[in-house]
Amino acid sequence: MGAGVLNTYPDLLPVTSATPIITMGEGDTPLVRSNRLGRELGCTELYFKLEGCNPTGSFKDRGMVMAIAKALEEGTKAIMCASTGNTSASAAAFGAYCDIPTFVLIPKGEVAMGKLAQAMIYGAKVIMINGNFDAALGMVREFTQRNDVTLVNSVNPHRIEGQKTAAFEIVDKLGGAPDMLFIPVGNAGNITAYWKGFREYQDLGRSQALPRMMGFQAEGAAPIVRGEPVARPQTIASAIRIGNPATWNGAIEARDGSGGVIDAVSDDEILEAYRLLANKEGIFCEPASAASFAGLMKMHRQGMDLSDKRIVCICTGNGLKDPDLAVSSSGGQTIEVPANIEALEAVTIGSES
Ligand SMILES: *Cc1c(COP(=O)(O)O)cnc(C)c1O
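Residues numbered from 1 in each chain as written. Predicted model: local features only at pLDDT ≥ 70, side-chain atom pairs only at ≥ 80, totals over all residues. Heavy atoms only, no water.

> With reference to specific residues and values, describe the overall build of the chain.
Counting its regular elements, the chain contains 15 helices and 10 strands. Its C-alpha atoms give the chain a radius of gyration of 20 Å, within 12% of the compact-globule value 20 Å for 353 residues. C-alpha atoms of the chain, sized along the principal axes, occupy 70 × 50 × 40 Å. Counting the 353 residues in the chain, one finds 57% classified as buried. (Helix = DSSP H or I, 4+ residues; strand = E, 2+ residues; numbered from the N terminus. Rg over C-alpha atoms; globule rule 2.2 N^0.38 Å. Buried < 20%, exposed > 50% of the residue type's maximum accessible area, 1.4 Å probe, protein only.)

This is the structure in structure tokens:
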């Protein structure tokens, strides 16, 4: 109800009497039941968690609010992150909200326009790196060790704490954990956070079971699947174009502790899922987000029985961040007609007969 994650789950977060309770309205995102795609896959109960409904359009806000609150508590002078786009958008927004100078490092030419636009209009100092995300993350780690600036990437443990609240919300809404959770994996902070959240809720007795954690990387950026870093990660899904995930171990623990999988999906599979989510469910997410549903389709194709399963797919970010991709991959052409009713009828009901 717009209360924010710190207000909603203070006892389960590193919130002390000295922690400022800030919020931009993050969290409490919709968990929408599938109307069409679940039926097509023979899945009894399929849900999509719409993390694109967060204030800056991705789940990053959940972790950022916690990281910023702790940074304020510690008297930070400035914050810094490396980003494929969404972390910088979130950091820049909270930096603006809390009046903290914000530096964001982004790999040149690899960030969707909408995300770059966000960081710029929120007023962050945007620094382009002639290198990829992994190189940028290495730089901010070293910089923040040498200087009095707070690192707000997900290697900051407060980010993981905030992000685990999404798992709490799922259990709170469903009355228990799902059987399986499908989630995109990039730097692997989010899958780590969900797994932590589900385990904490089980320890508290708020859920009986744990979900199988089903993580999906993009085929050209699948270091965890391959078992070694990828020097030049390639994928259309820029938010998961990461060759050396910072929380690699967390993803392995989530997989092995839950009997889950970390697998890869191709760009074609990601784009197919991206289009299907939009034109069969009305969900416009970004391509990286569609890796979760692409993973579910892959499991279905491989023969996994989804009947009697309660499944949640995480839609991590909002499709509006990259409208050009939506236009170019929709294949739909627009129609031009003169401004009269006969012409309109000719291209609509007229074309059906
Ligand atoms: C950051 C991000 C991811 C990847 O999350 P990790 O925690 O890096 O694994 C996936 N989708 C979107 C939209 C993101 O912004």
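So, next bit.
> Go over the nonpolar core with me, naming the residues and quoting the values.
In terms of nonpolar packing, the biggest core is built from 49 residues, with I68, I170, L181, I191, Y194 and F198 touching the most fellow members. Residues within four places of I191 in sequence aside, it is in contact with I183, V185, M213, G215, A251, A254 and I262. (Core = buried A, V, L, I, M, F, W, Y, C linked by side-chain atoms within 4.5 Å. Contact = heavy atoms within 4.5 Å.)

> Please provide a residue-by-residue account of empty space enclosed by the protein, values included.
Considering all chains together, one arrives at 2 cavities of 30 Å³ or more under this definition. Volume-wise, the largest cavity comes out at about 310 Å³. Lining the largest cavity are 28 residues, and of these F59, K60, G186, N187 and A239 lie nearest its centre. Secondary-structure elements contributing two or more residues to the lining of the largest cavity are α4 (86–98), α7 (157–163), α9 (189–203) and α13 (287–301). With 3 residues, the single largest contributor to the lining of the largest cavity is α9. Looking at the second largest cavity, its volume works out to about 30 Å³. (1 Å grid on protein atoms, 1.4 Å probe; cavity = no way out; pocket = protein on both sides within 12 Å on 5 of 7 lines; lining within 4 Å. Points joined across faces, edges and corners; volume = space filled by probe spheres on them.)

> Tell me about the packing of aromatic side chains, and name the residues and values.
For the structure on display, the rule yields 6 aromatic pairs. Ring geometry for F48 against F293: centres 6.0 Å apart, planes inclined by 65°, an arrangement best described as edge-to-face. Here F293 lies in helix α13 and F48 lies in strand β2 (residues 45–50), a separation of 245 residues in the sequence. Judged by relative accessible area, F293 falls into the buried class, the value being 1%. When the centroid spacing of 6.3 Å and the interplanar angle of 35° are considered together, the rings of Y194 and F198 count as tilted. With Y194 and F198 both in helix α9 and 4 residues apart, the pair spans about one turn of that helix. (Phe/Tyr/Trp six-rings, centres within 6.5 Å; stacked < 30°, edge-to-face > 60°.)

> Outline helix α5 (residues 113–122), listing residues and values.
Owing to its 3.6 residues per turn, the α-helix brings residues three or four apart onto one side. Among the residues of α5, G114, K115, L116, Q118 and A119 are the ones counted as buried. Buried residues along α5 sit against α4, β4 (102–107) and β5 (125–129). Backbone geometry just after α5 places G123 at a positive phi near 95°.

> Provide a residue-level description of the pairing of β2, including the pertinent values.
Each regular strand shows side chains that alternate between the opposite faces of the sheet. In terms of residue burial, β2 counts as a mostly covered element, since 6 of its 6 residues are buried. Going residue by residue along β2, you find E45, Y47 and K49 tucked away on one face and L46, F48 and L50 tucked away on the opposite face as well. Relative to β2, strand β1 (residues 31–33) runs antiparallel, the two being bridged by 3 bridges. Residue pairing for β2: L31 is matched across the bridge by K49. Two strands pair when backbone bridges link them, and β2 and strand β10 (residues 310–315) are joined in this way by 6 bridges, in the parallel orientation. What sits directly across from F48, in β10, is C313. (Pairing = 2+ DSSP bridges.)

> I'd like to hear about the site of the ligand, residue by residue, with values.
By nearness alone, 16 residues border the ligand, and K60, N86, G186, N187 and T316 come closest of all. In this structure, an oxygen atom belonging to the ligand sits 3.2 Å away from a main-chain N or O atom of G189. Between the ligand and N190, the relevant distance is 2.8 Å, taken from an oxygen atom to a main-chain nitrogen or oxygen of the residue. Isolated, the ligand exposes 380 Å² of accessible area, and the fraction of that covered by the protein chains is 96%. At the level of secondary structure, the elements contributing two or more residues to the shell around the ligand comprise α9 and α13. Residue classes in the shell around the ligand are distributed as 6 nonpolar, 8 polar and 2 charged. (Near = heavy atom within 4 Å. Polar contact = N/O pair within 3.5 Å; in protein donor to acceptor, adjacent residues only side chain to side chain. Areas by Shrake-Rupley, 256 points an atom, 1.4 Å probe, with all protein chains shown as cover. Nonpolar A, V, L, I, M, F, W, Y, C, P; charged D, E, K, R; others polar.)

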